[in-house]
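Summary of the model geometry
Chain by chain, the residues run as shown.
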Amino acid sequence: MASHDDHYTPGEMDIAEQSAMYQSFLVATQWGCVLIAAMVACMALIWGADVPWLQAVLGCGALSVVAGLGMKMGSAFTITSVLITIIGLISGGISTVVGMFL
């Protein structure tokens, strides 16, 4: 039977790739948590607190941008938050216009 003692020495494995992957996982988790929290807050404001949709979308978009800046998540996160806010404004506007005709 082959022995693995000849090839492996504990503590000498290069873990740079694993460390980079774990760091990427943590960043993705951070992004996801902030964006999901902003979206849930927006839905709670619209459906639970009867806040007008325009104010809720803009407020939660601003909240996610401020959270991203406070957590130093970078410009890519800020751009993503702004784009999601713009998509929310467009879809809310379409919904409002369609609702007026139904």
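Before reading on, note that the structure itself is shown above.
Notes on the structure in this doc start here. (Residues numbered from 1 in each chain as written. Predicted model: local features only at pLDDT ≥ 70, side-chain atom pairs only at ≥ 80, totals over all residues. Heavy atoms only, no water.)

Inspection of the secondary structure puts Ser64 in helix H2 (residues 53–70). Judged by relative accessible area, Ser64 falls into the buried class, the value being 5%. Apart from the residues lying within four places of it in its own chain, the contact partners of Ser64 are Val34, Ala38, Phe77 and Ser81. (Helix = DSSP H or I, 4+ residues; strand = E, 2+ residues; numbered from the N terminus. Buried < 20%, exposed > 50% of the residue type's maximum accessible area, 1.4 Å probe, protein only. Contact = heavy atoms within 4.5 Å.)

Before going further, it helps to spend a moment on the environment of Met73. Here Met73 lies in the loop between H2 and helix H3 (75–101). When its relative accessible area of 10% is taken as the criterion, Met73 is described as buried. Sequence separation of Met73 and Val27 is 46 residues, and the distance between their C-alpha atoms is 8.2 Å. With residues near it in sequence (within four places) discarded, Met73 still touches Gln30, Trp31, Val34 and Gly68.

On the surface, Ile79, Val82, Leu83, Ile86, Ile90, Ile94, Val98 and Leu102 cluster together into a nonpolar patch covering about 780 Å² of accessible area. The residue Ile94 is located in helix H3 in this model. (Patch = residues over 30% accessible without salt bridge, like charges linked within 9 Å, V, L, I, M, F, W, Y side chains within 5 Å. Areas by Shrake-Rupley, 256 points an atom, 1.4 Å probe, with all protein chains shown as cover. Salt bridge = Lys/Arg side-chain N within 4 Å of Asp/Glu carboxyl O.)

Further remarks concern the state of the cysteines. If you walk through the whole model with that rule in mind, you get 0 disulfides. We note that Cys33 lacks a disulfide partner, and the nearest cysteine sulfur, in Cys60, lies 16 Å from it. Not part of a disulfide, Cys60 finds its nearest cysteine sulfur in Cys42, a span of 4.5 Å. According to the relative accessible area criterion, Cys60 is buried, its value standing at 5%. (Disulfide = S-S within 2.5 Å.)

Once that is clear, we can look at H3. Side chains three or four residues apart in an α-helix point the same way, a direct result of the helix having 3.6 residues per turn. For H3, built from 27 residues, the straight-helix expectation of 39 Å at 1.5 Å per residue is met to within 8% by its first-to-last C-alpha distance of 40 Å. Looking at H3, one finds that the buried residues are Phe77, Thr78, Ser81, Thr85 and Gly92. At its buried positions, H3 is contacted by helix H1 (16–48) and H2. (Expected span 1.5 Å × (residues − 1).)

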